[in-house]
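# Residue-level structure breakdown
Residue strings, one per chain:
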Amino acid sequence: MPDSIIKDAKEKMEKTVDHLREEYKAVRTGRASISMFDNIKVDYYGAPTPLAGVATLSAPEPRLIVIQPWDPTMIPVIEKAINQSNLGLNPQNDGKLIRLPIPQLTEERRKEIVKVVKKLAEEAKVAVRNIRRDANDQLKKLEKDKEISEDDFKAYQADVQELTDENIKRLDEVLDAKEKDVMEI
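My aim in this report is to walk through the structure given alongside it, one point at a time. (Residues numbered from 1 in each chain as written. Predicted model: local features only at pLDDT ≥ 70, side-chain atom pairs only at ≥ 80, totals over all residues. Heavy atoms only, no water.)

### Focus: the overall build of the protein chain
Under the convention used in this document: Helix numbers and strand numbers start at the N terminus; a helix is a DSSP run of H or I with at least 4 residues, a strand a run of E with at least 2. Only C-alpha atoms enter the radius of gyration; for comparison, a globular chain is expected to reach 2.2 Å times N to the power 0.38, where N is the number of residues. Burial here depends on accessible area, computed with a 1.4 Å probe over protein chains only, as a share of the maximum for the residue type. Under 20% is buried, over 50% is exposed, and the range in between is partly exposed. Contact criterion: two residues are considered in contact whenever any of their non-hydrogen atoms come within 4.5 Å of each other. Every accessible area reported is derived by Shrake-Rupley at a probe size of 1.4 Å, with residue values counting cover from the shown protein chains alone. The sign given to each residue is positive for Lys and Arg and negative for Asp and Glu; His and the chain ends receive no count. In plain terms, the charge of a residue is placed at NZ if it is Lys, CZ if Arg, CG if Asp and CD if Glu.
Of the regular secondary structure elements, the protein chain holds four helices and six strands. Ordered by position in the sequence, the α and β elements of the protein chain form the string α-β-β-β-β-α-β-β-α-α. The globule rule puts the C-alpha radius of gyration for 185 residues at 16 Å, and the 22 Å found for the protein chain is more than 25% above it. The buried share of the protein chain, reckoned over its 185 residues, is 38%. By sequence separation, contacts in the protein chain at least 24 residues apart represent 63% of the contacts at least 6 residues apart. Approximately 11000 Å² of the protein chain is accessible, and the part contributed by carbon and sulfur atoms is 50%. The averaged location of the 36 negative side-chain charges in the protein chain is 4 Å from the averaged location of its 32 positive side-chain charges.

Structure, rendered in structure tokens:
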């Protein structure tokens, strides 16, 4: 029973780290990356559809993204979705495809992005700590119900703490990598 609590906590913590990586994909650095558009949905005949589901995205140059809709009538809808996404990009279309020049980030803008990145990492750390708390509460209940001994409780609690420390370290590594990526000119 306690092993399943620890296994469950480990899975949840790993999902938290993976979630942070996914959120970081949408954070703009100075380079063109089609992963910036992973979370953008367009209204495709009344159904919210991922941008990649209605167009081909490519980055032919380091500072340019090209979006070629399969249906040219989708161009205004795609432009609207990009403008509402808060990516700070200005779509330009020629009737067949949309070009998105990626502007060079200013030092001030880079620092703002780093603040956002750090906030996302701190939220992920709080989530990991909440998972730790929940696991410890479940273990306390088992000890209280005399299903495990006090010594076992302390040992399992140490395992949960080790797991927490390990995942906090992983979150810090993901944060450091993204911070370097954002500050790179």
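### Brief notes about the packing of helix H1 (residues 2-25) against helix H4 (residues 150-183)
Just so we agree on the cut-off: Helix axes use the C-alpha atoms of the stretch in contact, all axes being lines fitted to C-alpha atoms, and the angles between their N-to-C directions lie in the range 0 to 180 degrees. Small angles under 35 degrees read as roughly parallel and large ones over 145 as roughly antiparallel, with 65 to 115 read as roughly perpendicular and the rest as oblique.
Contact geometry of H1 with H4 gives a least axis separation of 10 Å together with a crossing angle of 10°. Taken together, H1 and H4 sit at an angle that is classed as roughly parallel. Seen from H1, the contacting residues are Pro2, Asp3, Ile6, Ala9, Lys10, Met13, Glu14, Val17, Leu20, Arg21 and Tyr24; seen from H4, they are Tyr156, Asp159, Val160, Leu163, Thr164, Asn167, Arg170, Leu171, Val174, Leu175 and Lys178.

### Details of the sheet that holds strand S5 (residues 92-93)
In sheet architecture, strand pairing relies on hydrogen bonds along the backbone and comes in two forms, parallel and antiparallel. The condition that has to hold: By the convention used here, strands pair only if DSSP detects at least 2 bridges between them.
Read from one edge to the other, the open sheet built from four strands follows the order S3-S4-S6-S5, with strand pairing classed as antiparallel. Unpaired on one side and paired on the other, strand S3 (55-61) and S5 mark the two borders of the sheet. Here strand S4 (residues 64-69) pairs with strand S6 (residues 98-101) via four bridges, running antiparallel. Its bridge partner being in S6, leucine 64 is matched across the sheet by proline 101.

### Structural notes on helix H3 (residues 107-144)
This is how the line gets drawn: Given a helix with a known number of residues, its expected span is that number minus one, times 1.5 Å.
Across its 38 residues, H3 extends 55 Å between first and last C-alpha, which sits within 8% of the 56 Å expected from 1.5 Å per residue. Within two residues after H3, lysine 146 carries a phi angle of roughly 65°, on the positive side.

### Observations concerning unusual backbone geometry
One non-glycine residue, tyrosine 45, lies in positive phi territory at about 50°. Tracing the sequence through the fold places tyrosine 45 in the loop between strand S1 (41-44) and strand S2 (47-50). For lysine 146, which is not glycine, the phi torsion reads 65° and is therefore positive. For lysine 146, a relative accessible area of 73% puts it in the exposed group.

### Some remarks on the side chain of glutamate 79
Here is the rule: Take a side-chain nitrogen of Lys or Arg and a carboxyl oxygen of Asp or Glu: if they are within 4 Å of each other, that pair is a salt bridge.
Locating glutamate 79 in the fold gives a position in helix H2 (residues 75-84). For the buried glutamate 79, no salt bridge exists, and the shortest N-O distance to an oppositely charged side chain is 10 Å, to arginine 99. Here glutamate 79 is in contact with Pro91, Gln92, Asn93 and Ile98, once residues within four sequence places are set aside.

### Some points on a negative patch on the surface
Short version of the rule: Patch members must show over 30% relative accessible area and no salt bridge, and they are joined within 9 Å when carrying like charges or within 5 Å when they are nonpolar side chains of Val, Leu, Ile, Met, Phe, Trp or Tyr.
A grouping of Asp3, Asp159, Glu162, Asp165 and Glu166 is seen on the molecular surface, where their side chains present a negatively charged patch. Per-element tally for the negative patch: the top contributor is H4, with four residues. If you trace the backbone, glutamate 162 turns up in helix H4.

### Observations regarding the pattern of salt bridges
Pairing is possible between side chains of opposite charge, provided their charged atoms come close. This structure, assessed with the given rule, holds ten salt bridges. For lysine 118, the salt bridge identified is with glutamate 179, shortest N-O distance 3.8 Å. In this pair, lysine 118 is assigned in helix H3 and glutamate 179 in helix H4, connecting sequence segments 61 residues apart. Residue glutamate 179 is classed as partly exposed on the basis of its relative accessible area, which comes to 21%. For lysine 125, the salt bridge is made with aspartate 172, and the minimal N-O distance between the two is 2.5 Å. Linking lysine 125 in helix H3 with aspartate 172 in helix H4, this pair joins segments that are 47 residues apart in sequence.

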